[in-house]
Amino acid sequence: MLQVAGSVGIALVLSMNGVRSWAQFLMPPMVLLVTLYWVLFGPVLYGLGFAFLVGLLLDLMLGTPAGEYALAFCVTAYLAQLLEHRVRHFSIPYQGLVAGALTLAFQLIMVAFGLIEAGGTLRLAQFHSALGAMLAWPLLVLLLGRLHDRGW
Amino acid sequence: MEKKLFTKQVSAPRMLLLVALAVVLLLADHYTGVFAPARAWLETAARPLYWLGNVPGEVAAWSRANVAGPGGLAVENRQLQAEVLVLKGQLQQLAELDAENVRLRTLLNAQQTAKLRPLMAELIGVSPDPRRHQITINRGEHDGAFVGQAVLDGAGLMGQVVQVSAARAEVLLISDERHAVPVRVAGTDVRAIAEGTGDFRRLRLRHVPPTLEVAVDDLLVTSGLGGRFPAGYPVGRVASVAHDPGQPFVEVAVTPVAGLDRSRHLLLVFPEPASGSPHGG
């Protein structure tokens, strides 16, 4: 429990210090990746409900409409669960590809919310974080894997 | 219920149930302020996270100020002294213009323009969502900050306060797609609305007819219309004017003068006399 709360907290801190430029679009969604890690490799308790609660926490902290991140996290976690048995047998770089694809799905949902809310413009850069997620995933698995091995 | 929601078994109905719950929450949040207390509580609880997230920026600022060495500091000091001298000279001229303006307005029997008092604020957080150009500053209700307050940096308008809590405030930048600011062209006084594009380096003017006198490099300042932003603060310079003959309006791109993606030190603008008692910083 402590490991999960700690890792989500650290991911929140990392997210809050985002750079503000075009490079921001490359920043991987750290909170989502940490949530997906626990959904895929964590104990039984960490499923859709957990993803929903983390998303809701993010909504309340970031001032987004309550339920926006919760919905996107929940749907992305569900997609991750569908792939869970296969992902467990993938090598870490292949897992990175899956993490990138799941981030892409997450961004699609968030972009849809953006279009509904503000009638905003759709830009390709919004999907660049999937690339960041692919690159960040191996490091994340390494770090959280060690934490996980010690804790359970 | 808890047992059914908090389990790893892949279940589409469970996912759909949570999606429906999210939609209910979205509607509840949109039509009622039911989550306001939770947000306020979380703001207080998350303060250490914001502080931690700001540590790398603080370290970078500290190292820039202290690792430069005595030579670098002396050069910087000389530059700052020269800058202060120039600004003092300009201020003297401004004081004379201000007095003249008051005399002329008295002669015309026109209303005096409101005096404004700035309060320095520091950036402590940035929204991790790239679609939202929103920043967090270290001034809140305790300092007199209020929703709708204009925020500037050394060069021009940054945005406006959209949410205030005890010790910090959320600022929506002018480049956010949800933001629009009434402007006028300095010199010609032509009025327009500058809206954000989601790009830190670009704004656009909305509904500009081809007959409007706008040229590249024109300076746009706040018009003060709408009563939200004080008049006369620089917003941006016209970067390009393009007219498609098939379209009724001209496409005008504007480059903001404020360092929207760089500035760490900002100014909150208070009308004077302020209703609260903001103390200078």
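Look up a bit, the structure's there.
This report concerns the structure included in the present document. (Residues numbered from 1 in each chain as written. Chains lettered and ligands numbered in written order. Predicted model: local features only at pLDDT ≥ 70, side-chain atom pairs only at ≥ 80, totals over all residues.)

Notes on the interface of chain A and chain B
On the chain B side, the residues contacting the 39 residues of chain A number 41 residues. Among the secondary structure elements, those contributing two or more residues to the side of chain A that touches chain B are α1 (2-16), α3 (48-62), α4 (68-87) and α5 (92-118) of chain A. The leading source of residues in the side of chain A that touches chain B is α4(A), at eight residues. Residue composition of the side of chain A that touches chain B, by class: 21 nonpolar, 15 polar and three charged. (Contact = placed C-beta atoms within 7 Å. Helix = DSSP H or I, 4+ residues; strand = E, 2+ residues; numbered from the N terminus. Nonpolar A, V, L, I, M, F, W, Y, C, P; charged D, E, K, R; others polar.)

So, helix α2 (residues 12-31) of chain B
Residue and element names in this part refer to chain B. Over its 20 residues, α2 runs 29 Å from end to end, which matches the ideal 28 Å to within 8%, given 1.5 Å per residue. Those residues of α2 that sit buried are Arg14, Met15, Leu18, Ala22, Leu25 and Asp29. When α2 is viewed along its axis, its buried side chains cluster within an angular range of 100° and face the same direction. Exposed side chains of α2 directed beyond 90 degrees from the buried face belong to Ala12, Pro13, Ala20, Val24, His30 and Tyr31. (Expected span 1.5 Å × (residues − 1). Buried ≥ 20, exposed ≤ 12 C-beta atoms within 10 Å, placed from the backbone. Arc of directions from axis to C-beta.)

Looking at the packing of helix α2 (residues 30-41) of chain A against α4(A)
Residues and elements named next belong to chain A. Packing of α2 against α4 brings their axes to within 9 Å, and their N-to-C directions diverge by 45°. The angle between the axes of α2 and α4 places the two elements in the oblique class. Where α2 crosses over α4, the handedness of that crossing is right-handed. Contacts from Leu32, Thr35, Leu36, Val39 and Leu40 of α2 reach α4 at Phe73, Thr76, Ala77, Ala80, Gln81, Glu84 and Val87. (Axes fitted to C-alpha atoms, helices over the stretch in contact; angles between N-to-C directions. Parallel < 35°, antiparallel > 145°, perpendicular 65-115°, else oblique. Left-handed = near helix turned anticlockwise from the far one by under 90°.)

Remarks on the pairing of strand β9 (residues 219-222) of chain B
Residues and elements named next belong to chain B. Where strand β6 (residues 180-185) meets β9, three bridges bridge the pair, whose relative direction is antiparallel. Within the sheet, the bridge partner assigned to Val183 lies in β9 and is Thr222. In terms of strand pairing, β9 meets strand β10 (residues 234-242) through three bridges, oriented antiparallel. The partner of Leu220 across the bridge, within β10, is Gly236. (Pairing = 2+ DSSP bridges.)

Considering the packing of α2(A) against α3(A)
Residue and element names in this part refer to chain A. It is the contact of α2 with α3, at a shortest axis distance of 10 Å, that shows an interaxial angle of 165°. Relative to α3, the element α2 is oriented roughly antiparallel. Our pair here, α2 against α3, has a crossing hand that is right-handed. Here Val31, Thr35, Trp38 and Val39 of α2 lie close against α3, whose contacting residues are Phe50, Ala51, Val54 and Leu58. By residue class, the composition of the contact of α2 with α3 is seven nonpolar, one polar and no charged.

Regarding the nonpolar core
Counting 94 residues, the largest nonpolar core has Leu33(A), Leu36(A), Phe73(A), Cys74(A), Leu157(B) and Met158(B) as its most contacted members. Apart from residues lying up to four places away in sequence, Met158(B) is in contact with Val151(B), Leu152(B), Asp153(B), Val171(B), Leu173(B), Ile174(B), Ala258(B), Leu260(B), Ser263(B) and Leu266(B). (Core = buried A, V, L, I, M, F, W, Y, C linked by C-beta atoms within 7 Å.)

As for the sheet that holds strand β11 (residues 250-256) of chain B
Taken in spatial order, the six strands of this closed barrel run β6-β7-β8-β11-β10-β9 (chain B), and their pairing is antiparallel. Taking the axes of each pair of neighbouring strands and ignoring which way they run, one obtains an average angle of 45° across the sheet.

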